[in-house]
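# Observations on the model geometry
Chain residues, written in single-letter form:
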Amino acid sequence: MEKGKLIVFSAPSGSGKTTIVHHLLQQQDLHLDFSISATSREKRGKEIDGKDYYFISPEKFKKHIEEHEFVEWEEVYKGNFYGTLKSEVERIWSEGKHAIFDIDVVGGLRIKEKFPEKTLAVFVKTPSKEIMEERLRSRKTDSEEKIKERLAKADRELSFADKFDVILVNDDLEKAQKEAAEMITQFVS
Ligand code: 5GP
């Protein structure tokens, strides 16, 4: 589909970006489909293979890299690889939809670099770092060690915010979701 666009949502963990992306996917009039990333990390909680991620082995991940099958990929956390397969974006466009991404800040900017005109890159942030930490702890899916790792990564991620097309401050979730839907409607029309 010629008109297919790419809508990237990137943010430090705990910013609420995943909740916002899920909300947007339910808005039929936006014609969005979630770009399912491939990852070599273990499945967590209620995650489903082929829905949340394509959970693949590190060996298979490396094979996709060697065969140039990724739009972008990255070792987001040590030993854990994440990437967007070209076939995934093509699948979404062929269905007449726009691809929406919930990905790492660096990966998000790579997509913007590869498709500058077709990408709307949105950086989601919490009003403060304290709120981010509070949200990370309340979701109770990560160990203390993982939470510390995610917080340490956040400082670097925040420094990239200005490179995005838009910074969306997630203070009031409903308001942030409404703003996100409006900016997408405007971008794709
Ligand atoms: P989690 O392990 O919490 O699901 O995700 C860890 C990080 O990897 C998040 O910041 C998430 O957005 C990012 N991520 C997920 N998929 C991709 C991808 O395809 N490429 C990149 N670069 N990052 C991704």
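Notes on the structure in this doc start here.

About the criteria used
Residues numbered from 1 in each chain as written. Predicted model: local features only at pLDDT ≥ 70, side-chain atom pairs only at ≥ 80, totals over all residues. Heavy atoms only, no water. Helix = DSSP H or I, 4+ residues; strand = E, 2+ residues; numbered from the N terminus. Rg over C-alpha atoms; globule rule 2.2 N^0.38 Å. Buried < 20%, exposed > 50% of the residue type's maximum accessible area, 1.4 Å probe, protein only. Near = heavy atom within 4 Å. Polar contact = N/O pair within 3.5 Å; in protein donor to acceptor, adjacent residues only side chain to side chain. Areas by Shrake-Rupley, 256 points an atom, 1.4 Å probe, with all protein chains shown as cover. Nonpolar A, V, L, I, M, F, W, Y, C, P; charged D, E, K, R; others polar. Pairing = 2+ DSSP bridges. Axes fitted to C-alpha atoms, helices over the stretch in contact; angles between N-to-C directions. Contact = heavy atoms within 4.5 Å. Salt bridge = Lys/Arg side-chain N within 4 Å of Asp/Glu carboxyl O. Parallel < 35°, antiparallel > 145°, perpendicular 65-115°, else oblique. Left-handed = near helix turned anticlockwise from the far one by under 90°. Phe/Tyr/Trp six-rings, centres within 6.5 Å; stacked < 30°, edge-to-face > 60°.

The next point concerns the overall build of the protein. Helix and strand content of the protein: 7 helices and 9 strands. Computed over the C-alpha atoms, the radius of gyration of the protein is 16 Å, within 12% of the 16 Å expected from 2.2 N^0.38 for a compact globule of 189 residues. Dimensions of the protein along its principal axes, counting C-alpha atoms only, are 45 × 40 × 30 Å. When burial is assessed residue by residue, the protein has 48% of its 189 residues classed as buried.

This paragraph deals with the site of the ligand. Surrounding the ligand, one finds 17 residues, the nearest of these being Ser 37, Arg 41, Tyr 53, Glu 72 and Tyr 82. The separation between an oxygen atom of the ligand and a polar side-chain atom of Tyr 82 is 2.5 Å. Within the side chain of Thr 84, an N or O atom sits 3.3 Å from an oxygen atom of the ligand. Taken by itself the ligand offers 520 Å² of open surface, and the protein chains cover 95% of this. Going through the elements one at a time, strand 5 (70–77) and strand 6 (80–85) are the ones with two or more residues in the shell around the ligand. The element that contributes the greatest number of residues to the shell around the ligand is strand 5, accounting for 4 residues. Of the residues that constitute the shell around the ligand, the class distribution is 5 nonpolar, 4 polar and 8 charged.

Quick look at the sheet that holds strand 3 (residues 37–39) now. Two modes of strand pairing occur in sheets, parallel and antiparallel, and in both the strands are linked by backbone hydrogen bonds. Taken together, 4 strands build an open sheet; the order of strands is 4-3-6-5 and the sheet is mixed. Of all the strands in the sheet, the pair left with one neighbour each is strand 4 (53–55) and strand 5. For this sheet, the mean angle separating the axes of adjacent strands, direction not counted, is 25 degrees. Against the sheet, helix 4 (residues 105–114) touches strand 5 and strand 6, its axis set at about 165 degrees to strand 5.

It is worth spelling out the pattern of salt bridges at this point. For the structure shown, the criterion picks out 19 salt bridges. Asp 155 is the partner of Lys 129 in a salt bridge, and the nearest nitrogen-oxygen pair spans 3.0 Å. Separated by 26 residues along the polypeptide, Lys 129 in helix 5 (residues 129–138) and Asp 155 in helix 6 (residues 144–158) bring together distant segments of the chain. Looking at Asp 155, the relative accessible area reads 45%, which means it is partly exposed. Asp 142 is the partner of Arg 139 in a salt bridge, and the nearest nitrogen-oxygen pair spans 3.2 Å. For Arg 139, a relative accessible area of 34% translates into the label partly exposed.

Next up on the list: the packing of helix 1 (residues 17–25) against helix 7 (residues 173–188). At their nearest, the axes of helix 1 and helix 7 sit 10 Å apart, and the two run at 55 degrees to each other. Classed by the angle they form, the pair helix 1 and helix 7 counts as oblique. Viewed along their axes, helix 1 and helix 7 form a crossing whose handedness is right-handed. On the side of helix 1, the interface is formed by Thr 19, Ile 20, His 23 and Leu 24, while helix 7 contributes Leu 173, Ala 176, Gln 177, Ala 180, Ala 181 and Ile 184. Across the contact of helix 1 with helix 7, the residue classes break down as 7 nonpolar, 3 polar and no charged.

Another aspect to go through is the packing of aromatic side chains. Tallied over the full model, the rule gives 7 aromatic pairs. Between Trp 93 and Phe 115, the ring centres sit 5.9 Å apart and the planes meet at 85 degrees, which makes this aromatic pair edge-to-face. Of the two residues, Trp 93 is situated in helix 3 (residues 86–94) and Phe 115 in the loop between helix 4 and strand 8 (119–125); the sequence distance between them amounts to 22 residues. Residue class for Phe 115 comes out partly exposed when judged on its relative accessible area of 23%. Residues Phe 123 and Phe 164 carry aromatic rings whose centres are separated by 5.3 Å and whose planes lie at 65 degrees to one another, so their mutual orientation is edge-to-face.

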